[in-house]
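What the coordinates show
Here is what each chain is made of, one letter per residue.
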Amino acid sequence: MKRLLLTLVAVMFCMGVRAQVIFEEGWFVDNNGNKTECLIRNDEKFCTASNIRFKMSSGGEERAAAITEVSSFFVGNMLFERHEVGIDVSESTLTSGIGYDSDPVVEKRTVFLQVLCDGAARLYFYNVPNIKDNFFFSTEANPELQYLVNKEYLTDGRTGYLRENHTFRNQLYAVFAGKVNTDDLKNVQYTETDLVSLFDQYNGTESVTRRRAKLNLDI
């Protein structure tokens, strides 16, 4: 029992440490192109944020800059840009439920997207915990962001099968065919790891990724 109580105390302590507010060095750019060096509050939930919280110094007053005022910002080795895009809000995960329609339900939103890869082809990420990831891309030839379409769905009936809409592979094939490894293109999964690898091949880059915050306990 004593060991169990000590374990529980350790768990709660670790969770408490992770829950602390962290301000990290970074910068943001306003709509006029003015860049402000500051400390930005980093809770890694920027994709759903309506503003960013920042301080000019560690002992300074906490302030807010609305999403309508910020065109981009950088913090914790992550670059974010403001875009108006169509987000897939359909039921398509085990936590939110899986529907029967193979097409995504797209809803226009102004959000901060994380830039995962930069170069001739850019990869963007919209991340919400426990909800389906959304990836977007643009190219020098077509700078307007496109949603990479992917969705899991069930066939009709209670005994239906789980299927997956792989339209994103056709989208990437139209751009990357003959320029990246054919097997990688054919078998690419709708994951950050696979997509970053594919875009890096095309761009000739090696993108730096940041492991997202998770509760990891070694007891």
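Calculation rules
- Residues numbered from 1 in each chain as written.
- Predicted model: local features only at pLDDT ≥ 70, side-chain atom pairs only at ≥ 80, totals over all residues.
- Heavy atoms only, no water.
- Buried < 20%, exposed > 50% of the residue type's maximum accessible area, 1.4 Å probe, protein only.
- Helix = DSSP H or I, 4+ residues; strand = E, 2+ residues; numbered from the N terminus.
- Arc of directions from axis to C-beta.
- Contact = heavy atoms within 4.5 Å.
- Phe/Tyr/Trp six-rings, centres within 6.5 Å; stacked < 30°, edge-to-face > 60°.
- Lys NZ or Arg CZ within 6 Å of the ring centre and 35° of its normal.
- Salt bridge = Lys/Arg side-chain N within 4 Å of Asp/Glu carboxyl O.
- Pairing = 2+ DSSP bridges.
- Axes fitted to C-alpha atoms, helices over the stretch in contact; angles between N-to-C directions.
- Expected span 1.5 Å × (residues − 1).

Take helix α2 (residues 167-176) next. Taken residue by residue, α2 has F168, R169, Q171, L172 and F176 as its buried positions. Considered in projection along α2, the buried side chains sweep an arc of 160° and stay on one side of the axis. Counted as exposed and oriented over 90 degrees from the buried face of α2: N170, Y173 and A174. In this structure, the buried residues of α2 make contact with β10 (121-126), β11 (134-139), β12 (146-147), α3 (182-187) and α4 (192-203). Where α2 ends, the next residue or the one after it, G178, has phi of about 80°, a positive value.

Moving on to the packing of aromatic side chains. Under the defined criterion, the tally for this structure stands at 13 aromatic pairs. A centroid spacing of 5.1 Å and a plane angle of 85° characterise the contact between F135 and Y190, whose relative ring orientation is edge-to-face. In this pair, F135 sits in strand β11 while Y190 sits in the loop between α3 and α4, placing the two residues 55 residues apart along the sequence. The two residues F135 and Y190 agree in class, both being buried. On the numbers, 6.4 Å between centres and 70° between planes, the contact of F137 with F199 is edge-to-face. Pair noted here: F137 is in strand β11 and F199 is in helix α4, with a separation of 62 residues, a long-range link. Neither residue differs from the other here; F137 and F199 are each classed as buried. In this structure an aromatic cluster arises from ring pairing among F46, F73, F80 and F112. Directly above the aromatic system of W27 lies the positively charged group of K35, at a separation of 4.6 Å from the ring centroid. The aromatic ring of F23 is capped on one face by K55, whose charged end is 4.6 Å from the ring centroid.

Attention now goes to the pattern of salt bridges. Tallying each qualifying case throughout the model produces 7 salt bridges. Across the pair E62 and R53 runs a salt bridge, and its minimum N-O distance is 3.0 Å. One network of salt bridges, in which partners are shared, links R41, R53 and E62.

Here we come to the pairing of strand β9 (residues 106-117). Examined bridge by bridge, strand β6 (residues 78-88) and β9 share 10 bridges and lie antiparallel to one another. If you follow G86 over to β9, its bridge partner there is K108. As paired strands, β9 and β10 are joined by 3 bridges and run antiparallel to one another. Pairing of Q114 across the sheet is with F125, part of β10. Between β9 and β10, which pair antiparallel one after the other, the connecting turn spans 3 residues, and G119 there sits at a positive phi close to 160°.

What follows concerns the sheet that holds strand β5 (residues 70-75). Overall, antiparallel pairing links the 10 strands, which are arranged β4-β3-β2-β1-β5-β6-β9-β10-β11-β12 in an open sheet. Looking at which strands have only one partner, the edges of the open sheet turn out to be β4 (63-66) and β12. Where strand β3 (residues 51-55) and β4 come together, 4 bridges link them in antiparallel fashion. Note that in β4 the partner of I52 across the bridge is A65. Packing against the sheet, α4 makes contact with β9, β10 and β11, and its axis sits at approximately 165° to β10.

All right, on to α4 then. End to end, α4 covers 16 Å across 12 residues, agreeing with the expected 16 Å (1.5 Å per residue, within 8%). Those residues of α4 not exposed but buried are E192, L195, V196, L198, F199, D200 and N203. Turning to α4, the residues buried within the fold contact β9, β10, β11, α2 and α3. A positive backbone phi angle near 70° is found at G204, which sits one or two residues after α4.

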